[in-house]
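Each chain is listed here by its residues.
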Amino acid sequence: MIRTQMPASRGGRAFVWLMFATLIAVGFGWFGGGTQVADASRLRASGLQTKGVITSVTAGDMLNNSSAHYKFDVGGKTVNAYSNVLAKDEHRLSPGLVVSVTYMPENPRDSCLDPNGLVDSARRTLLIAGLLELVCAAIFIPLIIFSGTASPQGVKFTGENVAAVVVFSIMALAGLGALFFAAIPGLMRAEALVSEGKSVQATITGVWDGENRHGRYATYSYKVGDEYYHGKADYVGGYGDRGQITVKYLPSDPSYSAINPEAQIGGARGAIAFMLVWLSIIVVFWLVFRYGARRLRHKI
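Residues numbered from 1 in each chain as written. Predicted model: local features only at pLDDT ≥ 70, side-chain atom pairs only at ≥ 80, totals over all residues. Heavy atoms only, no water.

1. A few points about the layout of surface pockets
Counted only if it meets this: Using a 1 Å grid laid over the protein atoms alone, points where a 1.4 Å probe fits but cannot get out form a cavity; open sets with protein on both sides within 12 Å along at least 5 of 7 lines form a pocket; any residue with an atom within 4 Å of a point counts as lining. Grid points are joined across faces, edges and corners, and a volume is the space filled by probe spheres set on the points. In this text, helices come from DSSP runs of H or I with a minimum length of four residues, and strands from runs of E with a minimum of two, each type numbered from the N-terminal end. As a working rule, the residues Ala, Val, Leu, Ile, Met, Phe, Trp, Tyr, Cys and Pro are called nonpolar, Asp, Glu, Lys and Arg charged, and the rest polar, with Gly in that last group.
Estimates place the volume of the largest pocket at around 1900 Å³. Broken down by element, the lining of the largest pocket gets its largest block of residues, 6 residues, from helix α3 (residues 158-196). Considered class by class, the residues forming the lining of the largest pocket number 19 nonpolar, 22 polar and 9 charged.

2. Focus: the sheet that holds strand β6 (residues 198-209)
Note the cut-off: At least two bridges found by DSSP between two strands are what make those strands a pair. As a rule, the C-alpha atoms of each element are fitted with a line to give its axis, helices using only the stretch in contact, and angles between N-to-C directions run from 0 to 180 degrees.
With respect to topology, 5 strands assemble into an open sheet ordered β8-β7-β6-β9-β10, the strand pairing being antiparallel. In the strand order of this sheet, the two ends are held by β8 (227-234) and β10 (253-258), each with one partner. Across this sheet, the average inter-strand angle for adjacent strands is 45 degrees, counted without regard to direction. With 6 bridges joining them, β6 and strand β9 (residues 244-250) adopt antiparallel strand pairing. When the bridges of β9 are listed, K198 appears paired with Y249.

3. Re the packing of aromatic side chains
For any pair of aromatic rings, geometry is given as the distance between the ring centres together with the angle between the planes. Stated formally: Note on aromatic contacts: the rings of Phe and Tyr and the six-membered ring of Trp form a pair at centre separations within 6.5 Å, being stacked when their planes are under 30 degrees apart, edge-to-face when over 60 apart, and tilted otherwise. Relative accessibility under 20% of the residue-type maximum defines a buried residue, over 50% an exposed one, and the middle range a partly exposed one, all with a 1.4 Å probe and only protein chains included. For a ring to carry a charge above it, either NZ of a lysine or CZ of an arginine must fall within 6 Å of the ring centroid while also lying within 35 degrees of the normal to the ring plane.
For the structure on display, the rule yields 7 aromatic pairs. Ring geometry for Y222 against Y249: centres 6.2 Å apart, planes inclined by 25 degrees, an arrangement best described as stacked. Highlighted residues: Y222 in strand β7 (residues 216-224) and Y249 in strand β9, separated in sequence by 27 residues. Here Y222 matches Y249 in class, with each residue buried. Following the ring pairs from residue to residue traces out a cluster consisting of Y220, Y222, Y229 and Y249. Above the face of the Y256 ring, R189 is positioned so that its terminal group lies 4.1 Å from the ring centre. The ring of Y217 is capped by K232, whose NZ or CZ atom sits 5.1 Å from the centre of that ring.

4. Brief notes about the sheet that holds strand β2 (residues 67-74)
Going by this rule: The criterion used for residue contact is that any of the two residues' heavy atoms lie within 4.5 Å.
Read across the sheet, 5 strands follow the order β3-β2-β1-β4-β5 without closing on themselves; strand pairing throughout is antiparallel. Whereas interior strands pair on both sides, the edge strands pair on one side only; in this sheet they are β3 (77-84) and β5 (107-112). For this sheet the average axis-to-axis angle between neighbouring strands, irrespective of direction, equals 45 degrees. Inspection of the sheet shows strand β4 (residues 98-104) paired to β5 by 3 bridges, in the antiparallel sense. Residue pairing for β5: Y103 is matched across the bridge by S111. Seen against the sheet, helix α1 (residues 10-46) touches β1 (48-58), β3, β4 and β5 and runs at an angle of roughly 100 degrees to β4. Helix-sheet contacts for helix α2 (residues 115-145) involve β3 and β5, and the interaxial angle to β3 is about 40 degrees.

If you want it as structure tokens, here you go:
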């Protein structure tokens, strides 16, 4: 059986840390955020202005900025594109709204509605990259500080133990955070939507394949008061459907809606069950780790 092992020397572990840190910086920092800042600068400096029409809007969440799909005509051809937008514009934009589009003349698909939306999205991506860098550092620094040559008996060094505690702690905190700040509030909102929700006519703005082409979902937009809201839900119709559908929204939070509110409850309960299983697995792994460490100390 092939076995892999973390380098024991400080230099070897520092190299592995730098390798992961570089991958995070390049993968999330540059490709995720840096390119959007560069795109915004190019569009500000050399972009041309034209009029376009909004076709759909996707609401933002904790990880992603709001975004909009739009189309515009250049040289007798219709260009379909999308870009991130500022959160404050999410409830202003609606399907059919005429907007100003900035595009690069050599490649019209290289465009945006507002360069500030690209910069704002880049900042969020860079923040996530920074958090990942901190997690990577928290795991590797103990390994570097307490590195050394393993004994013939396979004694685990303090660095490995501290790193293991950090990993378990991060996984546990992530699970608890998702349970108490996402899953449980999600169930409460779903139950409130069933009992307190109000119906409204929404317009289908797109029908798309689900992840890994599993099923389909539809995006839709609706108006409450003077603001527009956007959602998505499982859908069984055709890709070209653009008709009216009835959705329910929560009066206390009009951005929360569903085509089938009862199904939201089932999904929310499933999310809670998943997080409880996640936390149970972490507890089991922690007990196994503690038992193994205790037996190892007795052998020394």
